[in-house]
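Chain residues, written in single-letter form:
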Amino acid sequence: MAPEQKKQPHGPFRFRDDPRLLSALMTAPAVIYIALLVGIPFLLAVFISLSDATTGDPSLDYVGISNFRTVIGDPVFRQSLKNTFIFTFASQALVLVMSKILALALMKEFRGKWLVRFLILLPWTAPIALGTIGWLWMFDSIFSPMDWVLRYVGLLGRPGALLGVNSNLYWLGIPGLAMASVTVVHAWRMLPLATVILLAGLTAIPKDILEAAEVDGAGFRQRLFSIIIPLLLPIMSIAVLFGVVFTFTDMTVVYILTRGGPVQSTQVLASWAFFKGIEGGDLAQGAAIALFLFPVLAGVATLMLRLARRTEVN
Amino acid sequence: MAIVEVRQIVKKFGDVTAVDGVDLASRDGEFLVLLGPSGCGKTTLLRMIAGLEIPSAGHVFIEGRDVSQLPPRQRNVAMVFQSYALYPHMTVFKNIAFPLKPLKMQREDIREKVMWSASMFGIGHLLARRPRELSGGERQRVALARAMVREPSVFLLDEPLSNLDAKLRTSAREELEQLQKRIGITTLYVTHDQVEAMGLGDRIVVMNEGRVRQVGTPHEVYHRSADTFVATFLGSPPMNLLEKDGLVIGFRPENFLPVQLYGDDRDVERFRFDVTWMEDLGSDRLIYGNVEREFAHRHVVAKLSANVTFSVEPKESYTFAVPKDKLNFFDAGTGLRLEGRFALRDVHGA
């Protein structure tokens, strides 16, 4: 018997049977979205950085790379660049260790687990500006509750106290302490997401494998470092990738807590670009500062995606 | 001395009692099979011996030491999981070497031990590969080699053959049995497959609903089943049970044959057998039908080997017979085996 001829589709819905047309149609919204909201602003930033545009005179007159030269020569820029790296890597290291501990703890069954989960997720669900303003009060130069606790336990504000005789620590007023405060608050904010990602990764490790390791004589440390962490590596690298990119480009915490101060000691590239380009009105230099992040971010993203892929393939 | 012993062991998960007061002692070097339907508590019992579950009550002894509260790593047991649970990010070599790491051995000694264990299972050529590059049979060997490398005092196997295809399972079974005999390590083996249990076990522990129903050699549990559960769980098809006046009479389908096949000198019990249906399985014919009306549940099965050419047709009646020494008797109330001979004439009153 002759095989039946396949009916050729026709009519206005013909594209549904053409995989190439259909796939183009399905990916189009994402492509258009990225092109409009990422691609065009990115190109615009490149043009502006090569021009002499200001908020007073936004016309694009080509000036070559002179903006980049000026920016690099600026000591505040170099301070910001250094701070950005410190801010990013210190907060991500903190997040990585803390989220790992939290995720492992949340794998266990205990009373009131739902409450702990809720509290851990809270910083992420609350608007970040609100949370950071809360921290602003916590770090207040006179009324800081943390200073109050330290005074109460005798670590601060009396002769011979470990943290000094002053009645306050001035968290956001001393360069080193301000940088540490900004980093810790940012870590606090990133922690919930990283914990949830790691928790998902931990849950995905087959129970048999962990039990086999236990029967094979491995103690907690060997299980953690030889089994759990290697198996979590792909998902951990994605959590870190996300965190690094997010932190490099974020200025919320710095802007609300210190506005880059005292004396630019907590300035990061994102906040410096904002102050220079928007508040200072020098669009061209602001764009040049912002673009400085691009090669770093592209490099980090490529590296992390490769790492994730290699772990997956193996 | 018993290598593994459990005394009055109980495990409850909430309201569910998974293991309900089990006493069991293995003999040195024995291949002991825990057999039962799914949910009978056999895997939970094995996990309590491994230390992966803490008993709700009772004690576990390994080599005479009470290990009930000790973590798995202090028990010197090795376990092979149904899924094999190989470490996916490690090579075969590292998988096998993993149990040696906590022992603080020299690198050279570890290498030597891994080679010894790998060669025992014929996987020396696979050491550089990762689990995902191995076939099911190879993975199973790696899991066995990893379990064996530390020379544990007990070997615990949780349905290790159930992920293999039927053909491979038969050869793996044979290898496993020979290996265990060669090494002489006490082995506890959990399965729901009665063919595996009969083939592998020195002794079989038949479990149901968290309790041990019978412990005995394959021959004992098959031919002298302790109760009606064991009698019907073992054998394919299961034992025929006929009930009358508080007595259950049991006989195996392969002993239920046309009376002509027994010689005149054999003391047999005869039944009229109305055949309803037949199945030809190639090696055997299964013949379904009913015996005399006096019995409750009078539906029975006969299993005729392909060597028996006796012609049987559905909707015909025949005289089938069972040798009297092949009859089993059970109490209808408790299901327990009754010893001694009963005059069947009085029972079915023909």
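Up top is the structure these notes are about.
Note that this is a predicted model, so its numbers are computed, not measured. (Residues numbered from 1 in each chain as written. Chains lettered and ligands numbered in written order. Predicted model: local features only at pLDDT ≥ 70, side-chain atom pairs only at ≥ 80, totals over all residues. Heavy atoms only, no water.)

**Student:** Give a detailed account of the sheet that holds strand S3 (residues 31-35) of chain B, specifying residues and quantitative values.
**Tutor:** All names here are of chain B. With respect to topology, six strands assemble into an open sheet ordered S6-S7-S8-S3-S9-S10, the strand pairing being mixed. Edge strands, defined here as strands with exactly one partner in the open sheet, are strand S6 (77-80) and strand S10 (211-216). Each adjacent strand pair in this sheet contributes to an overall mean axis angle of 20°, direction not counted. Pairing analysis gives five bridges linking strand S9 (residues 203-208) to S10, with the strands arranged antiparallel. Bridge pairing in S10 places Ile204 opposite Gly216. (Pairing = 2+ DSSP bridges. Helix = DSSP H or I, 4+ residues; strand = E, 2+ residues; numbered from the N terminus. Axes fitted to C-alpha atoms, helices over the stretch in contact; angles between N-to-C directions.)

**Student:** Let's hear about helix H4 (residues 113-125) of chain A: which residues, and what values?
**Tutor:** Given a rise of 1.5 Å per residue, 13 residues ought to cover 18 Å, and the 18 Å separating the end C-alpha atoms of H4 of chain A matches this to within 8%. Close packing links the buried residues of H4 of chain A with helix H3 (75-107) and helix H7 (175-204) of chain A. (Expected span 1.5 Å × (residues − 1). Contact = heavy atoms within 4.5 Å.)

**Student:** How would you sum up the packing of H3 of chain A against helix H9 (residues 220-248) of chain A? Please name residues and give values.
**Tutor:** Residue and element names in this part refer to chain A. For the pair H3 and H9, interaxial distance at closest approach is 10 Å and the crossing angle is 140°. Judged on the interaxial angle alone, H9 and H3 are oblique. Between H3 and H9 the crossing geometry is right-handed. Note on element contacts: H9 touches H3 through Phe220, Leu224, Ile228, Ile229, Leu232, Met236, Ala239, Val240, Gly243, Val244, Thr247 and Phe248, opposite Thr84, Phe85, Phe87, Thr88, Ser91, Gln92, Leu96, Lys100 and Leu104. Tallied by class, residues from the contact of H3 with H9 come to 14 nonpolar, six polar and one charged. (Parallel < 35°, antiparallel > 145°, perpendicular 65-115°, else oblique. Left-handed = near helix turned anticlockwise from the far one by under 90°. Nonpolar A, V, L, I, M, F, W, Y, C, P; charged D, E, K, R; others polar.)

**Student:** So what about the environment of Tyr62 of chain A? Which residues, and what values?
**Tutor:** Residue and element names in this part refer to chain A. Among the secondary structure elements, Tyr62 is positioned in the loop between helix H1 (19-49) and helix H2 (66-73). Tyr62 gets classed as exposed once you look at its relative accessible area, which sits at 67%. Counting along the chain gives 12 residues from Tyr62 to Leu50, while the straight-line C-alpha distance between them is 5.8 Å. (Buried < 20%, exposed > 50% of the residue type's maximum accessible area, 1.4 Å probe, protein only.)

**Student:** I'd love a proper account of the nonpolar core, names of residues and values included.
**Tutor:** Counting 47 residues, the largest nonpolar core has Ile96, Val114, Phe121, Ile123, Phe155 and Tyr189 of chain B as its most contacted members. Residue contributions to this core peak at six residues, all from helix H4 (residues 136-148) of chain B. (Core = buried A, V, L, I, M, F, W, Y, C linked by side-chain atoms within 4.5 Å.)

**Student:** Kindly report on the packing of aromatic side chains, identifying the contributing residues and their values.
**Tutor:** Scanning the entire structure with this criterion turns up 25 aromatic pairs over all chains. Where Phe85 of chain A meets Phe248 of chain A, the ring centres are 5.2 Å apart and the plane angle is 80°; that geometry is what we call edge-to-face. Here Phe248 of chain A lies in helix H9 and Phe85 of chain A lies in helix H3, a separation of 163 residues in the sequence. Classification of Phe85 of chain A by relative accessible area gives partly exposed; the value is 32%. Measuring from centroid to centroid gives 5.0 Å for Phe256 of chain B and Phe273 of chain B, while their planes differ by 70°, and the two rings are edge-to-face. Of this pair, Phe256 of chain B sits in the loop between strand S12 (247-251) and strand S13 (257-258) while Phe273 of chain B is found in strand S14 (residues 268-280), placing the two residues 17 residues apart along the sequence. One exposure class covers both Phe256 of chain B and Phe273 of chain B, and it is buried. Members of the aromatic cluster, each reached through a chain of ring pairs, are Phe251, Phe256, Phe271, Phe273, Phe310, Tyr318 and Phe320 of chain B. Just above the ring of Phe61 of chain B sits the side chain of Arg7 of chain B; from NZ or CZ to the centre is 4.2 Å. The ring of Trp116 of chain B carries the charged tip of Lys113 of chain B above its face, separated from the ring centre by 5.0 Å. (Phe/Tyr/Trp six-rings, centres within 6.5 Å; stacked < 30°, edge-to-face > 60°. Lys NZ or Arg CZ within 6 Å of the ring centre and 35° of its normal.)

**Student:** Help me get a handle on helix H12 (residues 283-291) of chain A, residues and values and all.
**Tutor:** Every α-helix carries 3.6 residues per turn, so stepping three or four residues along brings you back to the same face. Counting buried residues along H12 of chain A, seven of its nine residues qualify, which places the element largely inside the surrounding structure. When H12 of chain A is considered as a whole, its buried residues turn out to be Ala284, Gln285, Gly286, Ala287, Ala288, Ile289 and Leu291 of chain A.

**Student:** I'd love a proper account of unusual backbone geometry, names of residues and values included.
**Tutor:** Note the cis peptide between Ser236 of chain B and Pro237 of chain B, where omega equals -5°. Topologically, Pro237 of chain B is positioned in the loop between helix H8 (228-233) and strand S11 (240-244). The backbone of Arg259 of chain A sits at a positive phi, close to 50°, despite the residue not being glycine. By the secondary structure assignment, Arg259 of chain A is in the loop between helix H10 (252-257) and helix H11 (269-279). Positive phi outside glycine occurs at Glu209 of chain B, with the angle close to 50°. With respect to the helices and strands, the residue Glu209 of chain B is situated in the loop between S9 and S10.

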